[in-house]
Structure formats: structure tokens, C-alpha cells
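Here are the chains, one letter per residue:
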Amino acid sequence: MAQNAPFSSDTLMDLLRTVQDPQTGLSLASAGRLESCTVDDGGRLTLTLGVAREQAPALSALCDAAAQKLQTLPNITKATIILTAHRPAGAPEPTAGQTASAAARPASAPAGAGGHRPLGGPAPAPGTPVLPGVKTIIAVASGKGGVGKSTTAVNLAVGLGMEGLRTGLLDADIHGPSLHRMMGAKGKPDVVEGRLQPMQAWGICAVSLGMLVDEKAAMIWRGPMVMGAINQLLSDVDWGELDVLVVDLPPGTGDAHLSLTQKVPLGGAVIVSTPQDIALIDARRGVTMFEKLHVPVLGLVENMSYFCCPNCGHNTELFGHGGARREAEAMGVPFLGEVPLLADIRASGDSGVPLVIGAPNSEGGKAYRAIAHTVATAIQASAH
Ligand SMILES: Nc1ncnc2c1ncn2[C@@H]1O[C@H](COP(=O)(O)OP(=O)(O)OP(=O)(O)O)[C@@H](O)[C@H]1O
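The rules behind these values
- Residues numbered from 1 in each chain as written.
- Predicted model: local features only at pLDDT ≥ 70, side-chain atom pairs only at ≥ 80, totals over all residues.
- UniProt positions renumbered as here; feature names shortened; annotations may be inferred.
- Helix = DSSP H or I, 4+ residues; strand = E, 2+ residues; numbered from the N terminus.
- Buried ≥ 20, exposed ≤ 12 C-beta atoms within 10 Å, placed from the backbone.
- Contact = placed C-beta atoms within 7 Å.
- pLDDT = per-residue confidence, 0-100.
- Core = buried A, V, L, I, M, F, W, Y, C linked by C-beta atoms within 7 Å.
- Near = placed C-beta within 6 Å.
- Nonpolar A, V, L, I, M, F, W, Y, C, P; charged D, E, K, R; others polar.
- Pairing = 2+ DSSP bridges.
- Expected span 1.5 Å × (residues − 1).
- Arc of directions from axis to C-beta.

The chain has the name Iron-sulfur cluster carrier protein in an unreviewed UniProt entry, where Acetobacter okinawensis is given as its organism. Reading the Subunit (unreviewed entry) entry of the UniProt record for the chain gives the comment "Homodimer."

Printed below as a string of C-alpha cells:
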């Protein structure tokens, strides 16, 4: 169990045991397995419990009262309980459109303590589209970590908003959620009538797992928990009416990609790579994976294309240059543009003000806006 809480497992489980379903006698302690417990500097406690998928709906109803109990612990200002639902070994995968009500469900502090109610509500009828108000969903992916995928996703999403599209941004980079920081999000999102409210910033709405759970806890999650979390981020968030939802996927080709494509139809994928050969090999794998999943590749972005010296203006091609354009041509997918390696791009990510907002006419700002314009045009063309 990942834990930094100053409470023993016994103390936590004893408290949870005092909240029981009056009909079944079930408690979170009897039916759940403690997976992680963290307390941040503000006294906010986050508890993650693994539960059997079929018990998750009944147990999520207990989360509110159980969170109240946890708030009686010394120095705890707010408590959040997250249920990560597990499928029994050998059970079939949920199909697209199937309810996610048994997937991971957070609940947190009660009203009055500035808290939330459990997520969820009645399960949608089989076959109901998961996100009926969302016209199209596009994924931002990379074959390799650290190539600037999340930075691209943020600036692309905000850039699409600037193009006049109603845009949402979902951080599905479960093992390293960072969008909440890049978007300047502080605190936990509200829950209204059982649905998580995305944060509103820079003209778009956004949800990141990093707003809900301790990042270190999420890093150790494995397949079923990753899928449960992504299901929940799709189904239990009040995305409202959107022209496009941009989803930042984890690097590589893994559980999150399959989970997303099983759950919702993807309108397209944007793949980010550096010009280096090694990154391009992984980018090619990404293109192949999306093609196998019948997701159209909207194009390749070459990030860190060249370094522009802020003093003399000289361009240095640190990782080579033009590799992604050549690769795109070779694979027959569009090339969306080059983004240089710039100190202000790094600084914008750290400050929480996306570059397209903070410096829209800088070299980097213009590069991202041009990419957003091309993607917006592709989205609008596919809508007709
Ligand atoms: N073009 C750029 N110029 C300067 N810094 C950049 C650029 N693109 C990304 N960065 C910086 O590189 C770091 C990694 O970027 P980012 O988190 O977007 O990558 P990622 O591919 O999403 O990583 P991960 O694999 O961890 O999800 C961040 O500090 C970001 O600010």
C-alpha cells in the first residue's frame, strides 16, 4: 500500500467498518482492500480501495458517510474515497457503451465541509453513447515518454478553443498526470448531482486524474485500475456539450489506449515525436496501433524540432530536424508542424499558463496555433 498517512491501516479500516449498508450489512472495510492512503499538507486525505466490480455501485453509496467518518481523524480537513473496481479474473472486457457505474468511483467530504457527493447515479441503458454531448474525441499520443505530448495536448486543446470550438481536455496519462499543473488548476473539482464538474480555464474545460488522487499512488496502478479510472473520467464527468474532447494518453501503446478505444469512438489521433530516430521508431508503432484500431491518424507533430538561441537567434538542430515530416510522408499521414525547443514553452508548462494564451505571437505560440488551426479544419471537415 502506498501510504504517507499518519494512521495505521487498522485505524482506517475500523472507522470504515462503522458505516454499513443497512440492507446488506456490507461496509467498505469488509468488501474493499486498502490500496493507498495519503494526506497532503492541507490535511486532505485520499483513500483508495480496491473493490469487486459488481459490488462497486452498492459500495459507492457508502462513500459519503465513510468520508465523513474519516474527517473525524485528527488534523484531517477533507477526505476523499476512491473505489477502483476490479474485474474477476477471466471475466470479459466491458464493451463500448456498457455502463461504467461499476468502475472506479471517487467520493469525498460531505457538504458543509466543502466536500462532494459520490459520483455516479443510475446506470445508463445498454447501448447509450458514453458521451452523448461530445461531437468528436481526439487522442494525443506519443510512442515514447518525455517528448512533449502533454505540452502539445494542452496547447492544442486551448488552441482549438481559440478557434471557436467548444473544447474539453482529459488527462488520461494515468501514470504521470500533469495537465492540472500545466492548466494552472488548483484544488479538487466539485461534484454536482453525482457528476464531477471539470475545471474551466483558458476557454476550455479540463479534468486530470492529478486533480483527484495522489500522483504517486496512480503511478503504481496496473491494468484494471487504469481502465477503471479512464472509464470513470469519461463517464462520470459532466462534460456537457462539446465540439471536441482532447485526450492526453500515456506514452506507448498500452492499457489506456485499448480502454479508451473500447469505450468511445475516437475521431482521430495526433502523434507527437521528437526528430530523433529512436523516438520516430516508437511514433511509427503508435501510428500502426491506431491504424489497427481503425482510428484515423490526424497527423504527426515534431516537437523540439530545433533550438532557437534567445541571444543570437541562431537555430541549432539538437535532435536532428525534419525526421517527423519525412516519417509522416513515408507512412502517408499528414505532417501537422514543427515546434521548436524553447525556454518559454517549458516555463509556460510550469506556470500553468499555456503558451498560446501567455505568448500567442511568440515562435512557439504561433507554431501551436497553426497546429490547432489545421486540426480544427480537419475536425470541421469531418463533421460535414
Ligand atoms: N518544445 C519544447 N520546448 C521546451 N520545453 C519543452 C518543449 N516541449 C516540452 N517541453 C518540456 O519538456 C518536459 C516534458 O514535456 P511533457 O510533460 O509535455 O512531455 P510528455 O511527453 O507528456 O511526458 P510524459 O511521457 O511524462 O507524459 C516538460 O517540462 C515540458 O515543459
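Asks: Which parts of the structure should I look at to understand the overall build of the chain?
Replies: When you go through the chain residue by residue, the secondary structure sums to 14 helices and 16 strands. Split into buried and exposed, the 384 residues of the chain put 52% on the buried side. The contacts in the chain between residues at least 6 apart in sequence include a share of 75% that link residues at least 24 apart.

Asks: How should I be thinking about the confidence of the model for the chain in this particular structure?
Replies: Note that predicted coordinates carrying low pLDDT should not be read in detail. Across the chain, the average pLDDT comes to 77, with 78% of residues at 70 or higher. Scored below 50 in pLDDT, residues 87-126 makes 105 contacts in the model with residues more than four places away or belonging to other chains. As scored by the predictor, the complex reaches a pTM of 0.68 and an ipTM of 0.97.

Asks: What is the right way to look at the nonpolar core in this model?
Replies: Generally speaking, nonpolar side chains in soluble globular proteins are found buried as a group. Residues Val140, Leu156, Val246, Val247, Ala269, Val270 and Val375 are the most contacted members of the largest nonpolar core, which totals 83 residues. Ranked by residue count, the leading element in this core is helix α14 (residues 363-383), at eight residues. Once residues lying within four places of it in the same chain are set aside, the contact partners of Leu156 are Val140, Val246, Val270, Tyr368, Ile371, Ala372 and Val375. Core analysis: the next-biggest nonpolar cluster, separate from the first, contains 20 residues, Cys37, Val39, Ala79 and Ile81 among them.

Asks: Is there a simple way to explain the site of the ligand in this structure?
Replies: Near the ligand lie 20 residues; those nearest to it are Gly145, Gly148, Ser150, Thr151 and Gly349. Listed by contribution, the elements that provide at least two residues to the shell around the ligand are α5 (149-162), β14 (297-308), β16 (335-341) and α12 (343-351). Looking at the shell around the ligand, its residues break down into seven nonpolar, 10 polar and three charged.

Asks: I keep staring at the pairing of strand β6 (residues 134-141) and nothing clicks. Help me out?
Replies: Side-chain positions along a regular strand alternate between the two faces of the sheet. Burial of β6 is extensive: seven of the eight residues sit out of reach of the surface. In this structure, β6 lies alongside strand β12 (residues 242-248), joined through six bridges in parallel fashion. Pairing of Ile138 across the sheet is with Val246, part of β12. As judged from the four bridges shared by β6 and strand β13 (residues 268-273), these two strands associate in the parallel manner. The residue bridging Val140 from the neighbouring strand is Val270, located in β13.

Asks: How should I be thinking about the UniProt feature "binding site: ATP" (unreviewed entry) in the chain in this particular structure?
Replies: Following the UniProt record, one finds the feature "binding site: ATP" (unreviewed entry) at Gly143, Lys144, Gly145, Gly146, Val147, Gly148, Lys149 and Ser150. Along the chain, the position of Lys144 falls in the loop between β6 and α5. Note on placement: Gly148 falls in the loop between β6 and α5.

Asks: When you look at α5 in this model, what are you seeing that I'm missing?
Replies: Each α-helix winds once per 3.6 residues, and so residues spaced three or four apart point in a common direction. Compared with the 20 Å implied by 1.5 Å per residue over 14 residues, the 20 Å span of α5 between its first and last C-alpha is a close match. The buried fraction of α5 amounts to 14 of the 14 residues, a majority that puts the element mostly inside the structure. Just downstream of α5, Gly164 is the residue with a positive phi angle, here 95 degrees.

Asks: For this particular structure, what's the right way to read helix α11 (residues 323-331)?
Replies: Of all the positions in α11, only Gly323, Ala324, Glu327 and Ala328 are classed as buried. What you see down the axis of α11 is that its buried residues fit within an arc of 130 degrees, all on one side. Residues of α11 that are exposed and angled more than 90 degrees away from the buried face: Glu329 and Ala330. Two residues or fewer past α11, Gly332 is found with a positive phi of approximately 75 degrees.

Asks: Even after reading the chapter, I still don't get the environment of Pro334, so can you show me in this structure?
Replies: Considering the arrangement of structural elements, one finds Pro334 in the loop between α11 and β16. The partly exposed category is assigned to Pro334, around which 15 C-beta atoms lie within 10 Å. When the C-alpha atoms of Pro334 and Gly299 are compared, they prove to be 4.5 Å apart, with 35 residues separating the residues in sequence.

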